[in-house]
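The chain contents come next:
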Amino acid sequence: MSRHDRDEWIAKRAYALWEASGRQHGRDGEHWAQAARERDELERTQASADGREVLVRFRPRPPAATSPKPIARPPAIASG
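Nothing here was measured: the structure is a model prediction, and the numbers come from that model.

Our focus in this paragraph is the pattern of salt bridges. Scanning all chains against the criterion turns up nine salt bridges. Salt-bridge contacts for Arg6 lead to Glu43; the nearest nitrogen and oxygen are separated by 3.2 Å. With a gap of 37 residues between them, Arg6 in helix α1 (residues 3-20) and Glu43 in helix α2 (residues 28-44) connect regions that are remote in the sequence. Residue Arg6 is classed as buried on the basis of its relative accessible area, which comes to 15%. Linking Arg39 and Glu43 is a salt bridge whose minimum nitrogen-to-oxygen distance equals 3.1 Å. Here Arg39 pairs with Glu43, and both are found in helix α2, just four residues apart, close to one helical turn. Residue classification places Arg39 among the buried residues on the basis of a relative accessible area of 9%.

What follows is the structure, encoded as structure tokens:
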């Protein structure tokens, strides 16, 4: 992503944050900083361009080892 594209994404996100906060004036720096943090986090969690690498901390964890639950057998039916 080019620097221009990144800045455009941040500007749009900061505008959305401004709208969501009730269009309060004087908080543009706050909104821009939050949008930039969100973009940084998004970039850190993305796979590489070829899709081969994903950050280790975002790899799915293997399921916890659990012992299989015993299967309950139906009660014996008395033959008559």
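On we go.
This part takes up the packing of aromatic side chains. Going through the model one piece at a time under the given rule, you end up with one aromatic pair. The positively charged end of Arg39 is found above the aromatic ring belonging to Trp9, 5.0 Å away from the centroid.

Ranked by size, the top nonpolar core spans five residues in total: Ile10, Ala14, Leu17, Ala35 and Ala36. Among the secondary structure elements, those contributing two or more residues to this core are α1 and α2. If one sorts the elements of this core by residue count, α1 sits on top with three residues. Sequence-distant contacts of Ala35, defined by excluding residues within four places in its chain, comprise Trp9, Ile10, Arg13, Ala14 and Leu17.

Cut-offs and rules
Residues numbered from 1 in each chain as written. Predicted model: local features only at pLDDT ≥ 70, side-chain atom pairs only at ≥ 80, totals over all residues. Heavy atoms only, no water. Salt bridge = Lys/Arg side-chain N within 4 Å of Asp/Glu carboxyl O. Helix = DSSP H or I, 4+ residues; strand = E, 2+ residues; numbered from the N terminus. Buried < 20%, exposed > 50% of the residue type's maximum accessible area, 1.4 Å probe, protein only. Phe/Tyr/Trp six-rings, centres within 6.5 Å; stacked < 30°, edge-to-face > 60°. Lys NZ or Arg CZ within 6 Å of the ring centre and 35° of its normal. Core = buried A, V, L, I, M, F, W, Y, C linked by side-chain atoms within 4.5 Å. Contact = heavy atoms within 4.5 Å.

Keep in mind these values describe shape, not function.
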